[in-house]
Amino acid sequence: MKAYFVLLSFFILFSLSANSQESKRYRRLKDHTDYSEGYVTLKNGERIEGLIHYFKSGFYSVILVDKQGRKLKYTPDDLKDYYNSRYTFVSGVTSKRQSLFFRLVPAVSGDLQLYETIYEFGGFSSDYGSNAAIERANVPFSRVDDDDNGFVYHVKKSGDQFYYMLERLLRRPKKAAEYFTGCPEFIKKVEQDEFRELDPSDRTEIIKIVNSYNACVDGSK
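Being a predicted model, the structure only gives us computed values, none of them experimental.

Novice: Quick question: what am I supposed to make of the side chain of Ser23 here?
Specialist: Summarising the element assignment, Ser23 is placed in the loop between α1 (2-20) and α2 (24-30). The class of Ser23 is buried, set by a relative accessible area of 18%. In this structure the side chain of Ser23 is engaged in a polar contact, spanning 3.1 Å, whose partner is the backbone nitrogen of Tyr26. Excluding its chain neighbours within four sequence positions, the residues that come into contact with Ser23 are Lys67, Gln68 and Gly69.

Structure, rendered in structure tokens:
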């Protein structure tokens with residue numbers, strides 16, 4: 001019984017200590033639906049925990065309120081990554097030399113990883129323009145969700161300097177042969193245009209494509 005009360009006292013003291021490190025503003029915003037607990041990782045590897053503003057953070061910048069109540073804004077050039085309790089966003093540069101945060105797509109296993117960028121109405125535009133343009137052009141390997149967000153897929157290997165748009169690789173055999181090394185079978189599928197029959201808006205199918213390449217490369221080792 002004595003041990004129980006000792007443990008209980010320790011737990012209470014620990015909770016009070018943790019709460020005392022959080023400012024009043026931080027504790028108030030924790031209950032706000034616009035914020036979620038998460039963190040950012042600086043370029044030097046330092047992690048700062050706090051509250052991520054869910055609607056004002058995305059692919060160009062992220063807003064974090066630290067435990068002292070300070071509102072901090074970061075761009076892809078400032079961070080390695082950030083996490084908003086649902087998704088991990090990794091900073092990087094596209095093959096067009098544009099700095100962005102790329103949202104990691106889970107369920108992919110292997111060196112080739114899959115990412116999404118979102119193009120919003122009134123937001124930044126890609127080569128295809130806004131969401132409306134994406135829909136009109138029927139851009140391959142992209143999708144538009146119920147919130148009118150257009151997703152365009154990118155891929156990156158661990159040694160790559162840039163993130164590459166998946167559609168450009170799968171629709172151009174020459175680029176595919178240069179990028180998807182280590183798996184002649186996969187390159188042959190691109191050359192024979194086998195991926196054209198897949199539903200480009202089906203995220204599950206996109207994941208299967210990436211995982212099939214990873215499995216082929218891993219199996220050849």
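Novice: Just to check I follow, could you spell out the nonpolar core for this structure?
Specialist: Proteins that are soluble and globular tend to have nonpolar side chains buried together. Ranked by internal contacts, the top residues of the largest apolar core, which has 24 residues, are Leu114, Val155, Leu170, Phe180 and Phe186. Counting only elements with at least two residues in this core, the list comes to β10 (149-156), α4 (166-170), α5 (173-179), α6 (184-191) and α7 (203-219). Here this core takes seven residues from α7, the largest share from any one element. Grouped together as the second largest cluster of nonpolar side chains are 13 residues, Leu42, Ile52, Tyr74 and Tyr87 included.

Here is what the cut-offs are and how they apply
- Residues numbered from 1 in each chain as written.
- Predicted model: local features only at pLDDT ≥ 70, side-chain atom pairs only at ≥ 80, totals over all residues.
- Heavy atoms only, no water.
- Helix = DSSP H or I, 4+ residues; strand = E, 2+ residues; numbered from the N terminus.
- Buried < 20%, exposed > 50% of the residue type's maximum accessible area, 1.4 Å probe, protein only.
- Polar contact = N/O pair within 3.5 Å; in protein donor to acceptor, adjacent residues only side chain to side chain.
- Contact = heavy atoms within 4.5 Å.
- Core = buried A, V, L, I, M, F, W, Y, C linked by side-chain atoms within 4.5 Å.

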